[in-house]
Amino acid sequence: MQFPSHGANYEALYQNFGINMPEQVFDLSENVNFLGAPNAVKEAWPNLLPKIQAYPHPQAEPLRSLLAQSHQVKPTQILVGNGAAELLTFFAQRFAGKRVILIHPTFSEYKMTLEAAGADIEEITITDIKKYTLPIQQIKDAMNSAACLYLCNPNNPTGSLIKRDVLEDFITYGEEVGCEILVDEAFMDWTDEEHSVISLINQYSNVTVMRSMTKMYGIAGVRLGYLISRVQRVQELAKKLPHWNVNALALAIGEICLMDQTFREESIIKSRELKEEIEDFLINRGCEVTKSAANFLCFQLKEPSKTRDFYFYCLKRGIVLRHTENYLGMNGQWLRIGMKGSRAVETFMKVMDEWHEQN
Ligand SMILES: Cc1ncc(COP(=O)(O)O)c(C=O)c1O
């Protein structure tokens, strides 16, 4: 049975498994904001059309400067990409023939891009999925002979947050032993900026932070992400990226999104409310639930051996969850669920209760 490597694209999922797709499907397998893009983007839409006629700014201005202002770094410390995914691809290419540490379970693109780049990947798997306790000494030992340590904070798929002092400890150690640290903060928008390590970038030379604008601002189809690092590293990477890598529409939309603080705050509140509701529900049904700072969480059934059965039961009833078959350390025995609005969540709860009645 071939499980897809990412969430979303549920039509292909039904086709792949040969399951008739119900008329109504709630896709809880991906993590894009269920509110969609901010209204300000929809209102600006007609004025965006002329943007398609001209080449975009090669250094992604004025978005780059606005991002720099909001994160209190220099514009030259920012590299804007066609989604964080593009930047991950180019970032990985720096490690051809070098060792990079991955902490599993985590976002699958790290391994894919590093493998494609010919990096030597050292994989450390966390055993306590629920708490996502990092084996600090083991990681530090691995750092002695590694060029880079990748960390995802909050982590995809668990949503777990790594404490800032733990991160700073890795960063300081990395400085000592010559190991870079990439912190992927693609989901940091869903929690408090105080957990971000962007402010450490000017203090230490080995830190790069990756950010995505596609999740919070519901613009996954547009593609927009950026990384922040030391100027020299940004310049080195910029030389490798295609000229005009970010299209003019994405730049203009990104600018509108960045200004919309109210949208961001509302999204966080709505997602938190749903998360609390789901957490209570799952715990009441005997599930293990990860403590998530993002707009999704992972849960494990009381009887984990029934996970596949439950996953397919949900699919047949129009509830698409994210399987964890390709997440090292989860062995398919957890499921990830995105906060995709109250109707989706209520339907999920109904389906789960029906399944419990029959099992
Ligand atoms: C942890 C993490 N980093 C990066 C990305 C890529 O984001 P983007 O849509 O900006 O390419 C994703 C997408 O799912 C993700 O989960």
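Residues numbered from 1 in each chain as written. Predicted model: local features only at pLDDT ≥ 70, side-chain atom pairs only at ≥ 80, totals over all residues. Heavy atoms only, no water.

Naming follows an unreviewed UniProt entry, where the protein appears as Aminotransferase class I/II-fold pyridoxal phosphate-dependent enzyme of Lysinibacillus composti.

Student: When you look at the packing of helix α1 (residues 10-17) against helix α11 (residues 307-316) in this model, what are you seeing that I'm missing?
Tutor: In a pair of packed helices, the angle between the axes and the distance between the axes together describe the arrangement. For the pair α1 and α11, the least separation of the axes is 12 Å and the interaxial angle reads 115°. Between α1 and α11, the crossing angle belongs to the class labelled roughly perpendicular. Classified by chirality, the crossing of α11 by α1 is left-handed. Along the contact surface, α1 presents L13, Y14 and F17, while α11 presents Y311, F312 and L315. Residue classes in the contact of α1 with α11 are distributed as six nonpolar, no polar and no charged. (Axes fitted to C-alpha atoms, helices over the stretch in contact; angles between N-to-C directions. Helix = DSSP H or I, 4+ residues; strand = E, 2+ residues; numbered from the N terminus. Parallel < 35°, antiparallel > 145°, perpendicular 65-115°, else oblique. Left-handed = near helix turned anticlockwise from the far one by under 90°. Contact = heavy atoms within 4.5 Å. Nonpolar A, V, L, I, M, F, W, Y, C, P; charged D, E, K, R; others polar.)

Student: What is the right way to read the pattern of salt bridges from this model?
Tutor: Pairing between side chains of opposite charge can happen when their charged atoms approach one another. Scanning the model with the defined rule gives 17 salt bridges in all. Put simply, D120 and R99 hold a salt bridge, and the shortest N to O gap is 3.1 Å. Taken as a pair, D120 in strand β4 (residues 120-125) and R99 in strand β3 (residues 99-104) lie far apart in primary sequence, 21 residues in all. Overall, the relative accessible area of 30% leaves R99 in the partly exposed class. (Salt bridge = Lys/Arg side-chain N within 4 Å of Asp/Glu carboxyl O. Buried < 20%, exposed > 50% of the residue type's maximum accessible area, 1.4 Å probe, protein only.)

Student: How should the UniProt feature "domain: Aminotransferase class I/classII large" (unreviewed entry) in the protein be read in this particular structure?
Tutor: The UniProt record marks residues 24-343 with the feature "domain: Aminotransferase class I/classII large" (unreviewed entry), using the residue numbering of this structure. The distance separating the terminal C-alpha atoms of residues 24-343 is 11 Å; by composition the span is 37% helix and 17% strand. (UniProt positions renumbered as here; feature names shortened; annotations may be inferred.)

Student: Would you take a moment to explain helix α8 (residues 231-240) for this structure?
Tutor: Residues spaced three or four apart along an α-helix face the same direction, because each turn holds 3.6 residues. Three or more residues of α8 are buried, namely R233, V234 and L237. The arc that holds every buried residue of α8, seen down its axis, measures 100°, which confines them to one face. Structural note: α8 exposes Q232 and K239 on the side pointing more than 90 degrees away from its buried face. (Arc of directions from axis to C-beta.)

Student: Honestly, the side chain of R94 in this entry has me stumped. Any pointers?
Tutor: Note on placement: R94 falls in the loop between α4 (84-92) and β3. On the basis of relative accessible area, R94 is assigned to the buried category, the value being 13%. Looking at R94, its side chain comes within polar contact range of the side chain of E180, at 2.7 Å. A polar contact is formed between the side chain of R94 and the side chain of E236, at a distance of 3.1 Å. When neighbours within four sequence positions are excluded, R94 is seen to be in contact with E180, R233, E236 and L237. (Polar contact = N/O pair within 3.5 Å; in protein donor to acceptor, adjacent residues only side chain to side chain.)

Student: So what exactly am I meant to see when it comes to the site of the ligand here?
Tutor: Taken together, 15 residues form the shell around the ligand, and within it A84, D184, S212, K215 and R223 come nearest. In this structure, an oxygen atom belonging to the ligand sits 2.8 Å away from a side-chain N or O atom of N156. Between the ligand and S212 there is a distance of 2.7 Å, counted from an oxygen atom to a side-chain nitrogen or oxygen. Protein chains shield 91% of the accessible area of the ligand, which is 400 Å² for the free molecule. Looking at the shell around the ligand, its residues break down into eight nonpolar, four polar and three charged. (Near = heavy atom within 4 Å. Areas by Shrake-Rupley, 256 points an atom, 1.4 Å probe, with all protein chains shown as cover.)

Student: In this structure, what is going on with the sheet that holds strand β12 (residues 322-323)? I would like to understand it.
Tutor: Two strands in a sheet stick together by hydrogen bonds in their backbones, pointing the same way (parallel) or opposite ways (antiparallel). The sheet built from four strands is open, its strands ordered β9-β10-β13-β12 with antiparallel pairing. The two strands at the open ends of the sheet, each matched to only one other strand, are β9 (288-289) and β12. The pairing of β9 with strand β10 (residues 296-300) spans two bridges and is classified as antiparallel. Looking at β10, one finds that V289 is bridged to F299. (Pairing = 2+ DSSP bridges.)

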